[in-house]
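Breakdown of the fold
One-letter residues, chain by chain:
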Amino acid sequence: KYKQYDSSFVYYKIAYLYLKAIGDSLLAAKSLVNIGVTHFYYSENDSALKYFLLAKEFLPDTGEYLLKAKIMNNIALVYKHQGFYKKAIKSFQE
């Protein structure tokens, strides 16, 4: 099912665990976003949302507003695809 994206799951998960262990919140969050995007490409919305929400938890430590916007946009897109339009709008506005 996964074909060319198989390795992205493996390497982003390894990267996330390593980056979390050394305390690099910014790159750990980016790894989680990329895992979520891969799930989103496969229409695995629940898994994508899980990783986007987890990435969002790392943001208070980073001060990265552009990354937060990207994460919130991705969360909103998942909600939109799930038919939760009010949640999508709220995420777009957050």
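In case you missed it, the structure is sitting above this.
Notes on the structure follow. Remember, it's a predicted structure, so these values are computed and weren't measured experimentally. (Residues numbered from 1 in each chain as written. Predicted model: local features only at pLDDT ≥ 70, side-chain atom pairs only at ≥ 80, totals over all residues. Heavy atoms only, no water.)

On the secondary structure map, Ala 76 appears in helix H4 (residues 65–82). Separated by 32 residues in sequence, Ala 76 and Glu 44 have C-alpha atoms that sit 15 Å apart. Those residues in contact with Ala 76 that sit more than four places away from it in its chain are Ala 88, Ser 91 and Phe 92. (Helix = DSSP H or I, 4+ residues; strand = E, 2+ residues; numbered from the N terminus. Contact = heavy atoms within 4.5 Å.)

Let us look at the nonpolar core. Core analysis: the largest hydrophobic core is formed by 24 residues, its most contacted members being Phe 52, Ile 71 and Ile 75. If you tally residues by element for this core, the top one is H4, at seven residues. Excluding residues that lie within four positions of it along the chain, Ile 75 makes contacts with Leu 49, Phe 52, Leu 53, Lys 56 and Ser 91. (Core = buried A, V, L, I, M, F, W, Y, C linked by side-chain atoms within 4.5 Å. Buried < 20%, exposed > 50% of the residue type's maximum accessible area, 1.4 Å probe, protein only.)

Its 18 residues place the ends of H4 26 Å apart at the C-alpha level, agreeing with the 26 Å of an ideal helix rising 1.5 Å per residue. Burial in H4 covers these residues: Leu 67, Ile 71, Met 72, Asn 74, Ile 75, Ala 76, Val 78 and Tyr 79. Downstream of H4 by one or two residues, Gly 83 has phi in the positive range, about 90°. (Expected span 1.5 Å × (residues − 1).)

A few words now on the packing of aromatic side chains. Where two aromatic rings form a pair, the distance of their centres and the angle of their planes describe that pair. Applying the stated criterion to the full structure yields two aromatic pairs. Ring centres of Tyr 16 and Phe 58 lie 6.0 Å apart, and the angle between their planes is 90°; this geometry places the pair in the edge-to-face category. Of the two residues, Tyr 16 is situated in helix H1 (residues 6–22) and Phe 58 in the loop between helix H3 (45–57) and H4; the sequence distance between them amounts to 42 residues. Side by side, Tyr 16 and Phe 58 carry an identical accessibility label, which is buried. Between Tyr 79 and Phe 84 the ring centres are 6.5 Å apart and the planes differ by 80°, which places this aromatic pair in the edge-to-face class. You can call Tyr 79 buried: its relative accessible area is 13%. What makes Phe 84 partly exposed here is its relative accessible area of 41%. The ring centre of Phe 84 lies 5.2 Å from the NZ or CZ of Lys 87, which sits over that ring. (Phe/Tyr/Trp six-rings, centres within 6.5 Å; stacked < 30°, edge-to-face > 60°. Lys NZ or Arg CZ within 6 Å of the ring centre and 35° of its normal.)

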